[in-house]
Number of protein chains: 2
Amino acid sequence: MASQRITDFLAANTIEGPCLVVDLDVVQDNFCAFRKALPDSAIFYAVKANPAPEILKLLASLGSNFDCASVAEIKMALATGVGPDRISYGNTVKKERDVAAAHALGVSLFAVDCVEEVEKIARSAPGARVFCRVLTDGEGAEWPLSRKFGCVPSMAIDVLTHARDLGLRATGISFHVGSQQTDTNAWDAAIGDARQVFESLEKRGITLTLVNMGGGFPTRYLKDVPTAQAYGQAIFESLKKHFGNRLPETIIEPGRGMVGDAGVIKAEVVLVSKKSDTDENRWVYLDIGKFGGLAETMDEAIRYPIRTRRDGGETAPCVLAGPTCDSADVLYEKTPYPLPIALTIGDEVLIEGTGAYTTTYSSVAFNGFEPLASYVI
Amino acid sequence: MASQRITDFLAANTIEGPCLVVDLDVVQDNFCAFRKALPDSAIFYAVKANPAPEILKLLASLGSNFDCASVAEIKMALATGVGPDRISYGNTVKKERDVAAAHALGVSLFAVDCVEEVEKIARSAPGARVFCRVLTDGEGAEWPLSRKFGCVPSMAIDVLTHARDLGLRATGISFHVGSQQTDTNAWDAAIGDARQVFESLEKRGITLTLVNMGGGFPTRYLKDVPTAQAYGQAIFESLKKHFGNRLPETIIEPGRGMVGDAGVIKAEVVLVSKKSDTDENRWVYLDIGKFGGLAETMDEAIRYPIRTRRDGGETAPCVLAGPTCDSADVLYEKTPYPLPIALTIGDEVLIEGTGAYTTTYSSVAFNGFEPLASYVI
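Residues numbered from 1 in each chain as written. Chains lettered and ligands numbered in written order. Predicted model: local features only at pLDDT ≥ 70, side-chain atom pairs only at ≥ 80, totals over all residues. Heavy atoms only, no water.

## A closer look at the pattern of salt bridges
Between side chains of opposite charge, pairing is possible as soon as their charged atoms come close. Residue and element names in this part refer to chain B. Following the criterion strictly, the structure yields 44 salt bridges over all chains and no others. The salt bridge involving Arg5 is made with Asp23; its shortest N-O contact spans 2.4 Å. Of this pair, Arg5 sits in helix α1 (residues 4-12) while Asp23 sits in the loop between β1 (19-22) and α2 (24-37), placing them 18 residues apart in sequence. A relative accessible area of 34% means that Arg5 is categorised as partly exposed. (Salt bridge = Lys/Arg side-chain N within 4 Å of Asp/Glu carboxyl O. Helix = DSSP H or I, 4+ residues; strand = E, 2+ residues; numbered from the N terminus. Buried < 20%, exposed > 50% of the residue type's maximum accessible area, 1.4 Å probe, protein only.)

## Section: the nonpolar core
In terms of nonpolar packing, the biggest core is built from 202 residues, with A:Phe66 and B:Phe66 touching the most fellow members. The contact partners of B:Phe66, leaving out residues within four places of it in the chain, are B:Phe44, B:Tyr45, B:Val47, B:Leu56, B:Leu59, B:Ala60, B:Ala77, B:Thr80, B:Val82, B:Arg86, B:Ile87 and B:Ser88. (Core = buried A, V, L, I, M, F, W, Y, C linked by side-chain atoms within 4.5 Å. Contact = heavy atoms within 4.5 Å.)

## Re the interface of chain B and chain A
The accessible area lost on association of the parts is a frequent measure of interface size. Between chain B and chain A, the residue contacts involve 74 residues of the former and 73 residues of the latter. Both sides together, the interface formed by chain B and chain A hides about 5700 Å², and carbon and sulfur atoms give 60% of it. Connecting chain B to chain A are 14 salt bridges. One salt bridge connects B:Glu16 with A:Arg97, and the closest N-O pair in it is separated by 3.0 Å. Linking chain B to chain A there are 40 residue pairs in polar contact (both at pLDDT 80 or more). Secondary-structure elements contributing two or more residues to the side of chain B that touches chain A are α4 (71-78), α6 (115-124), α7 (153-165), β12 (263-273), β13 (282-286) and β16 (330-340) of chain B. The element that contributes the greatest number of residues to the side of chain B that touches chain A is β12(B), accounting for 5 residues. Looking at the side of chain B that touches chain A residue by residue, the class counts come to 33 nonpolar, 18 polar and 23 charged. (Buried area = accessible area lost by both parts, 1.4 Å probe. Polar contact = N/O pair within 3.5 Å; in protein donor to acceptor, adjacent residues only side chain to side chain. Nonpolar A, V, L, I, M, F, W, Y, C, P; charged D, E, K, R; others polar.)

## Notes on the domain arrangement of chain A
Partitioning chain A into structural domains gives domain 1 (90-254) and domain 2 (261-376). Between domain 1 of chain A and domain 2 of chain A, the C-alpha centre-to-centre distance is 35 Å. (Domains from an automatic or database assignment.)

## Quick look at the state of the cysteines
Residues and elements named next belong to chain B. Taken as a whole and judged by the stated rule, the model has 0 disulfides over all chains. Residue Cys132 stays outside any disulfide, its sulfur separated by 3.8 Å from that of Cys151, the closest cysteine. When its relative accessible area of 0% is taken as the criterion, Cys132 is described as buried. (Disulfide = S-S within 2.5 Å.)

## A word on the pairing of strand β17 (residues 348-352) of chain B
Every regular strand shows the same layout, with side chains that alternate between the two sheet faces. Residues and elements named next belong to chain B. In terms of residue burial, β17 counts as a mostly covered element, since 4 of its 5 residues are buried. Taken together, the 5 bridges between β12 and β17 define a ladder with antiparallel strand orientation. Bridge assignment links Val264 to a residue of β17, and that residue is Glu352. When strand β14 (residues 306-308) meets β17, the two strands line up antiparallel, connected through 3 bridges. Looking across to β17, one finds that Arg307 is bridged to Leu350. (Pairing = 2+ DSSP bridges.)

## A short note on the packing of helix α5 (residues 96-104) of chain B against α6(B)
All names here are of chain B. Viewed as axis vectors pointing N to C, α5 and α6 meet at an angle of 45 degrees, and their least axial separation amounts to 9 Å. For the element pair α5 / α6, the angle class is oblique. Relative to α6, the crossing made by α5 is right-handed. Where α5 abuts α6, its residues Glu96, Val99, Ala100 and His103 lie against Lys120, Ile121, Arg123 and Ser124. A per-class count over the contact of α5 with α6 returns 3 nonpolar, 2 polar and 3 charged. (Axes fitted to C-alpha atoms, helices over the stretch in contact; angles between N-to-C directions. Parallel < 35°, antiparallel > 145°, perpendicular 65-115°, else oblique. Left-handed = near helix turned anticlockwise from the far one by under 90°.)

## Points about the relation of the copies chain B and chain A
After a rotation of 180 degrees and a shift along the axis of 0.0 Å, chain B superposes on chain A with an RMSD of 0.0 Å. The superposition operator between the copies reduces to a two-fold rotation axis. Ranked by how close their C-alpha atoms come to the rotation axis, the residues of chain B are headed by B:Ser363, at 2.0 Å. Taken as a fraction of all interface residues of chain B, those also at the interface in chain A reach 99%, which identifies the copy contact as same-surface. (Least-squares fit on C-alpha atoms with pLDDT ≥ 70 in both.)

## Some details on the UniProt feature "active site" (unreviewed entry) in chain A
Look at the UniProt record and you will see "active site" (unreviewed entry) annotated at A:Cys325. Take A:Cys325: it is sitting in the loop between β15 (315-321) and β16 (330-340). Using a relative accessible area of 18% as the deciding quantity, one classes A:Cys325 as buried. Leaving out residues up to four positions away in the same chain, A:Cys325 has contacts with A:Asn367, B:Lys48, B:Ala69, B:Gly90, B:Asn91 and B:Phe149. (UniProt positions renumbered as here; feature names shortened; annotations may be inferred.)

## So, the packing of aromatic side chains
Overall, the coordinates contain 22 aromatic pairs over all chains when judged by the stated rule. Ring centres of A:Phe291 and A:Phe366 lie 5.2 Å apart, and the angle between their planes is 65 degrees; this geometry places the pair in the edge-to-face category. Placement of A:Phe291 in the loop between β13 (282-286) and β14 (306-308) and of A:Phe366 in the loop between β17 (348-352) and β18 (373-376) is noted, with a sequence separation of 75 residues between them. With respect to burial, A:Phe291 and A:Phe366 carry one shared label: buried. Considering the side-chain rings of B:Trp283 and B:Tyr285, the 5.9 Å spacing of their centres and the 25 degrees angle between planes classify their relative orientation as stacked. Of the two residues, B:Trp283 and B:Tyr285, neither departs from the other in class, the shared state being buried. A connected cluster of aromatic rings, assembled from ring pairs, spans A:Phe291, A:Phe366, B:Tyr357 and B:Tyr361. Here the guanidinium or amino end of A:Arg303 rests over the ring plane of A:Tyr332, the centre of that ring lying 5.0 Å away. (Phe/Tyr/Trp six-rings, centres within 6.5 Å; stacked < 30°, edge-to-face > 60°. Lys NZ or Arg CZ within 6 Å of the ring centre and 35° of its normal.)

## Observations concerning the side chain of A:Thr250
All names here are of chain A. As for its position among the elements, Thr250 is in strand β11 (residues 249-252). Residue Thr250 is classed as buried on the basis of its relative accessible area, which comes to 6%. Within polar-contact distance, the side chain of Thr250 engages the side chain of Ser41 at 2.6 Å. Once residues lying within four places of it in the same chain are set aside, the contact partners of Thr250 are Asp40, Ser41, Ala42, Leu210, Val211, Met213 and Leu239.

## Some points on the pairing of strand β6 (residues 129-133) of chain B
Residues and elements named next belong to chain B. Counting buried residues in β6 gives 4 out of 5 residues, a clear majority hidden from the surface. Inspection of the sheet shows strand β5 (residues 109-112) paired to β6 by 4 bridges, in the parallel sense. Bridge pairing in β6 links Leu109 to Arg129. On the question of chirality, the crossover connecting β5 to the parallel β6 by way of α6 is right-handed. Sheet topology places β6 next to strand β8 (residues 169-174); 5 bridges connect them, and they run parallel. Considered in β8, the bridge of Cys132 is made with Ile173. (Right-handed = clockwise from strand over helix to strand, strands pointing away.)

## Some thoughts on unusual backbone geometry
Residues and elements named next belong to chain B. The phi dihedral of Asp299 is positive, around 55 degrees, even though this residue is not glycine. Within the element layout of this structure, Asp299 appears in the loop between β13 and β14. Backbone geometry at Asn367 places phi at a positive 65 degrees, although glycine is not the residue there. Its place among the elements puts Asn367 in the loop between β17 and β18 (373-376).

Set out below in structure tokens:
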């Protein structure tokens, strides 16, 4: 739901074109919920979810660390005033000159998932700490991860041994259970795998200390999701189960879970029409689509709640589409979206839960449309 | 293939990061090929394919008209010095205030596909010419069109009658056979439908004069495609077949066919790795991906030719992925891409046929990465 602050902001300001409004109070509440749910874990906010300076500044002041995907994101995090010790270069795919640039900025914690990446870091960030990402199956996630990041646990053992041999500090294991993960038990198998890697490396004289549990914490779209408290409890139980009394340091990297429900996109109905007199579905065209920030509707993966001033009246299924001349710019078609029959051209719609992964996905100028505007209040 | 001019440009300039280089000589050749293949059709370049000012300027000087998707694109076209009579507002989804803005700029040709859009135009661009887009099935197209644009032919009759009744000039019919259409006969069914609409409206006292045959002309990726000449011949035969001696005015709207093969993206191999010792496929990560301009790899629809300095040696299948921390940022995985075994980190790769639908698709700053740079030579 749009917070009162967002509702008031939109009522007080006439903004031409689609825009995202993010409520910092909600971000702060989310940070506190994570802090409370996992009091012993360090929070590394996934900057890529929404790098708005106001959000980074707030999170820095609350004590957050930052998970960065690029040198540009590292610089954004440093711009808040935090030291490089509060930054992780979490992308497993890095140009060596970017590793060097991060090292020059003082960053000393890097993600890897293969020996090739370890070698880059050994050359260009000597002495740095590295954690190795292992593959998990991501079952239960709405936005499934492919095998793009990570290696199998047995390979992680060799990767971290190689890191130690090259003078790096082999520090730990990371995993990612899949974005928008709604099964609180999803972390258990991965934590078990981590424990196995810890044991195997211990035998080689390498003592790991860190488990980076990644992100995956969901935001509430149309379906209810477990609370941060429920995640925290499940994760803590798994850590105890697998590590006993020798609990490792832990990191979590919420992105969507930190900012997703803090943002609302205001958009406009550009056209409501039918393709034939007998068409069952109306087509509703908005002034924002897949290339204006709603990339996560790809394959209809994420289904955002949509509010209109006509809510409460009778609804009918609609195909929902964006404003560009691209036929792929359709948001929901396979599963049409029920919207009020009274909805009409010029109506404002609020697309909720859009604080994460919208502004930066937005295309530069596809069809001549401006990137998504953003207001952080 | 990269033209000699592009090869020379890349050899002479050290460019950091991925970039697109477009050769204007190839664009000119393509324009001339369309001109020769369909000498009686007006060419309306689809600006959305690549709105680089140098391309628009060249095409304006060659006599091209412009198919625009937004007011911003209309302004880009006007900036070349052409008059508004050479511009079509081809998006069937328009805010009424954008219709008014286009009208104020002198544009008088608009696409519609429903009575609702006709009413906007009647109010905000009185007296304008409108053509109605009809649905085709797009069979044979590599980038299939959904039903997003157009209405069934029987509805088009009502739409254009309504236009006439509201004081607009009901001018014609448009269709789009699907992007990257490789079946030269695909135009025939649509031209037949157009003829039916012409006849039905003639009975209502409305004489249509225009058939806008849209785009769909392919660029050569990995497979051979028919020549412009072959398209021209097939289309001309269909026009004669359906319209006899009363040939209508015709418009074509090439976008991809005009600039696709004129552009090459230079990228860099950031990482080559495996996920396990027994992995059959290597993973090759580039510094450009789905969110850096290669959006048309969505569902692996468009398969670009990739050249490397290692070509000629033994190849093996690779999963090809982009540089962001997004697991959806994978270019080819279902059908792995054969690349030289010798390919290694730091190698340059050339992604060919990327002159269309790349720069503007590029995300603003996803993961902190800059939008795709572009050089037009």
